[in-house]
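Summary of structural features
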Amino acid sequence: MPTTIISETCPAPECNLTEQDVTQSLAEMQSYMGLFETAYQRAAQWEWSKVYLQGLLGNTLRKNVEQIALDLGKNVRSLQHFIGQSPWQP
């Protein structure tokens, strides 16, 4: 087993997506998310799921519930409740 510590990191891959690629990806993501809509017991849960996913995929640097809610201008406690205490259908 090597004992040398390598401190260099791999360079980030280059992103060469076009505006059309991003638009198409968004439409595909929305279609995919629609498959899960019936898993939520209330409309509010469905809306919070979209907020949470937007935060995970967005530009928020720290991907925790509080920071996601703050960055998106949403109520922190409501998003925390959705993630931590909202009933989930298996």
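Not measured: the values here are computed from a predicted model.

Cut-offs and rules
Residues numbered from 1 in each chain as written. Predicted model: local features only at pLDDT ≥ 70, side-chain atom pairs only at ≥ 80, totals over all residues. Heavy atoms only, no water. Phe/Tyr/Trp six-rings, centres within 6.5 Å; stacked < 30°, edge-to-face > 60°. Patch = residues over 30% accessible without salt bridge, like charges linked within 9 Å, V, L, I, M, F, W, Y side chains within 5 Å. Areas by Shrake-Rupley, 256 points an atom, 1.4 Å probe, with all protein chains shown as cover. Salt bridge = Lys/Arg side-chain N within 4 Å of Asp/Glu carboxyl O. Helix = DSSP H or I, 4+ residues; strand = E, 2+ residues; numbered from the N terminus. Buried < 20%, exposed > 50% of the residue type's maximum accessible area, 1.4 Å probe, protein only. Arc of directions from axis to C-beta. Contact = heavy atoms within 4.5 Å. Polar contact = N/O pair within 3.5 Å; in protein donor to acceptor, adjacent residues only side chain to side chain.

Taken as a whole, this structure holds three aromatic pairs when the rule is applied. Summarising the aromatic geometry, the rings of tyrosine 40 and tryptophan 46 are spaced 5.9 Å apart at their centres and angled 45° between planes, so their arrangement reads as tilted. Through pairs of rings, three or more aromatic residues link up here, namely Tyr40, Trp46 and Phe82.

The subject of this paragraph is a nonpolar patch on the surface. A contiguous nonpolar patch, built from Tyr32, Leu35 and Phe36 and spanning about 350 Å² of accessible area, is present on the exposed surface. You can see phenylalanine 36 is positioned in the loop between α1 (19-34) and α2 (43-57).

Time to look at helix α4 (residues 76-84). An α-helical segment advances 3.6 residues per turn. Residues three or four places apart therefore align on the same side. Within the span of α4, buried status applies to Val76, Leu79 and Phe82. Down the axis of α4, the buried set is contained in an arc of 130°. They therefore lie on one face. Set apart from the buried face of α4 by more than 90 degrees, the exposed residues are Arg77 and Gly84. Next to the buried residues of α4 lie α2 and α3 (65-71). For α4, the capping residue at the N-terminal end is asparagine 75, with a side-chain oxygen 3.0 Å from the backbone nitrogen of arginine 77.

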